[in-house]
Amino acid sequence: MLDVQKIRKDFPILNRTVNGKPLIYFDNAATSQTPQQVIDVIVDYYSNYNANIHRGVHSLSQEATDAYEQARLKIQKHFNAKHAHEIIYTAGTTHSINLVANGFSSLLKKGDEIIVSALEHHSNIVPWQMLCERTGAVLKVIPMNEDGELVMSAYDALLNENTKLVFVNHISNALGTINPIEYIIEKAHAVGAAVLVDGAQSCPHLKPDVQALDVDFYVCSAHKICGPTGVGMLYGKEAWLNKLPPYQGGGEMIAEVTFEKTTYADLPHKFEAGTPNIAGGIAFGAALDYMNGIGFENIATYENELLAYGTEQLLKIEGLKIYGTAKEKTSVISFNVANIHPYDIGTILDKMGIAVRTGHHCAQPIMDFYKIPGTIRASFMFYNTKEEIDAFIIALKKAIMMLS
Ligand code: 7TS
C-alpha cells in the first residue's frame with residue numbers, strides 16, 4: 001500500500017500556494033514534480049564533486065564519472081537492458097527520437113515505408129516526416145477510433161515487406177490510452193521492421209522490460225518520472241546502435257581524430273558527444289531509485305483509483321465530454337465542457353491554484369480527429385489525492401458557472 005500523506009512530504013513544491021490557494025498540480029503529463037531526495041542529489045553534485053567526466057585523472061572527475069556511470073547501471077537495471085552500453089544518455093525523448101531518425105537517413109531508400117500512429121505526440125511525427133523528406137520513404141498512419149484506441153486490423157493491413165520502421169507511443173499523452181505495443185512489436189518483426197516505442201508517458205506509470213518486449217528502441221525523459229529536465233535516455237539493441245551512424249560529432253564520441261580520418265568510440269560514447277548533463281544523469285538514477293522505492297505496482301493501483309474516481313466525478317457534470325475512453329488507459333483525463341473554450345476554464349482554474357494543461361497537447365492530429373481545437377487535461381500522479389480531485393471538481397463547477 002502507498003502512504004500518500006508520507007509521500008507528499010517528499011515534494012516541497014506541494015506546500016506552496018498559487019494565487020493565494022494551495023497548489024493542486026494536475027499537469028503531471030507535461031512534467032512531474034521532484035522529490036527532495038532527487039533535489040538533494042543535484043545539490044550534492046554541485047556542492048561536492050562537480051567536474052567533467054571521463055577525462056580527468058583527478059579525484060573529482062573520477063567521483064563524477066563513477067556516479068554518472070552508476071546511474072547508467074540503474075537505468076539499465078530498471079529497463080532490464082542486456083548491456084549498460086545499450087543505454088544512451090540524451091537530453092530527453094525528443095532528442096532520442098531525433099537521434100534515431102537521423103541515423104536511419106542512411107539506411108532507408110525511396111519507397112520504403114514507415115508507420116506511425118494517429119495517437120502520437122508531435123515529437124514522434126515530425127522527425128519521421130523529416131526523415132521521409134530526406135530519403136523518399138513514405139509515412140503511413142495507424143488510425144484511431146472514437147474511444148482513442150488504435151485500430152489493429154488497419155495496422156495489420158499496413159504492414160508489408162516494404163515496412164522498415166514502426167513508431168508508436170506506449171501511452172498517449174493527450175488521451176492516456178495504453179497501446180498494445182506487444183502486438184505491434186511482434187507484427188512488425190514478422191515483416192522485418194524495427195520498432196521504436198516512445199515511453200515518455202509510460203515510464204511514470206509502469207516499468208517496461210525492454211528484453212521481454214523485444215523492442216528495438218525505447219525512449220523516455222527523466223522529467224516525467226520525478227527527475228530533472230534536460231536529460232533522458234535512448235535504449236537501443238546493441239546491433240541497431242552499432243548499425244546507426246553517430247548523431248553529433250565532437251569530444252567524447254571519437255576513438256581517434258586526424259584531419260584525414262576520424263574513427264568513432266564504442267557504445268555508448270559514440271552517441272554522447274560533448275559534456276553531458278552530468279548532474280541530470282545522476283539525478284535520473286536517483287529518481288528511478290525513488291520511484292522503485294514506492295513500487296510501480298503500488299503506483300499503478302493507486303493511480304487507477306484516482307483515474308476511476310476522477311472520471312466518475314467529472315461525468316456527473318452536465319455537458320462534460322471525456323475524450324479518450326479506451327479500455328486500457330492511465331491517469332490522464334482529457335475533456336471539454338459544452339462549448340466553453342478549454343483555455344478559459346484553464347485560466348480560471350489557475351486563479352484557484354489548480355494547474356491543468358489546455359490546448360492540443362502537441363497532438364494536433366488527435367484534436368483534428370475529434371474536430372476540436374483542444375481539451376482540458378487533468379493528469380494525476382501517485383502524490384495526488386481524492387481530496388484534490390474533490391477541490392478540482394468544485395473549482396471546475398465554479399468556472400463553468402462563470403463562463404456559461
Ligand atoms: N512523447 C510523448 C508521448 C510526450 O508526452 C512528450 C511530452 C514527448 C514525447 C516529448 O518529451 P520531451 O521531454 O522531449 O519534451 N509531452 C508533453 C505533454 O503532454 N505536455 O507537455 C509535454
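About the cut-offs
- Residues numbered from 1 in each chain as written.
- Predicted model: local features only at pLDDT ≥ 70, side-chain atom pairs only at ≥ 80, totals over all residues.
- Heavy atoms only, no water.
- Helix = DSSP H or I, 4+ residues; strand = E, 2+ residues; numbered from the N terminus.
- Rg over C-alpha atoms; globule rule 2.2 N^0.38 Å.
- Buried < 20%, exposed > 50% of the residue type's maximum accessible area, 1.4 Å probe, protein only.
- Contact = heavy atoms within 4.5 Å.
- Areas by Shrake-Rupley, 256 points an atom, 1.4 Å probe, with all protein chains shown as cover.
- Pairing = 2+ DSSP bridges.
- Right-handed = clockwise from strand over helix to strand, strands pointing away.
- Axes fitted to C-alpha atoms, helices over the stretch in contact; angles between N-to-C directions.
- Domains from an automatic or database assignment.
- Buried area = accessible area lost by both parts, 1.4 Å probe.
- Salt bridge = Lys/Arg side-chain N within 4 Å of Asp/Glu carboxyl O.
- Nonpolar A, V, L, I, M, F, W, Y, C, P; charged D, E, K, R; others polar.
- Expected span 1.5 Å × (residues − 1).

### So, the overall build of the chain
Then comes step 1: Broken down by element type, the chain carries 14 helices and 17 strands.
Then comes step 2: The C-alpha atoms of the chain give 22 Å as radius of gyration, which agrees with the globular expectation for 404 residues (22 Å, within 12%).
Then comes step 3: The principal-axis extent of the C-alpha atoms belonging to the chain is close to 70 × 55 × 35 Å.
Then comes step 4: Here the chain holds 404 residues, and 54% of them are scored as buried.
Then comes step 5: Taking the contacts inside the chain whose residues are at least 6 apart along the sequence as the reference set, 71% of them involve residues at least 24 apart.
Then comes step 6: For the chain, the accessible surface area stands at approximately 17100 Å², while carbon and sulfur atoms represent 54% of it.

### Quick look at the pairing of strand 7 (residues 163-169)
Then comes step 1: Burial analysis of strand 7 places six of its seven residues in the buried class, the great majority of the element.
Then comes step 2: The pairing of strand 7 with strand 8 (residues 194-198) spans five bridges and is parallel. Residue V168 lies in a different strand from strand 8, and its bridge partner there is V197.
Then comes step 3: One crossover worth recording links strand 7 to the parallel strand 8 by way of helix 7 (residues 181-190), and it is right-handed.

### A short note on the sheet that holds strand 17 (residues 375-379)
Then comes step 1: With antiparallel pairing, the four strands of this open sheet are ordered in space as 13-14-17-16. Each edge of the open sheet carries a strand with a single partner, namely strand 13 (320-323) and strand 16 (357-359). Going across the sheet, the axis of each strand differs from the next one's by a mean of 30 degrees, ignoring polarity.
Then comes step 2: Note that strand 13 and strand 14 (residues 332-337) share four bridges and pair antiparallel. What sits directly across from K321, in strand 14, is N336.

### Topic: the domain arrangement of the chain
Then comes step 1: By domain assignment, the chain separates into domain 1 (4-26 + 295-403) and domain 2 (39-292).
Then comes step 2: Across the contact, 34 residues belong to domain 1 and 32 residues belong to domain 2.
Then comes step 3: Counting each side, the surface lost to burial between domain 1 and domain 2 is near 2600 Å², with a carbon and sulfur contribution of 61%.
Then comes step 4: Three residues stand out in domain 1 for area buried against domain 2, namely F296, I366 and F369, and they jointly supply 25% of the buried area on that side.
Then comes step 5: Counting every contact that joins domain 1 to domain 2 gives one salt bridge.
Then comes step 6: For E149, the salt bridge identified is with K327, shortest N-O distance 3.7 Å.
Then comes step 7: At the level of secondary structure, the elements contributing two or more residues to the side of domain 1 that touches domain 2 comprise helix 11 (296-315), strand 14 and helix 13 (364-370).
Then comes step 8: Here the side of domain 1 that touches domain 2 takes six residues from helix 13, the largest share from any one element.
Then comes step 9: The residue inventory of the side of domain 1 that touches domain 2, partitioned by class, reads 19 nonpolar, nine polar and six charged.

### Focus: helix 10 (residues 278-294)
Then comes step 1: Along its 17 residues, helix 10 runs 25 Å from first to last C-alpha, staying within 8% of the 24 Å computed at 1.5 Å per residue.
Then comes step 2: Here helix 10 lies mainly inside the structure; 14 of its 17 residues are buried.
Then comes step 3: In the segment just after helix 10, G295 is the residue with positive phi, at about 100 degrees.

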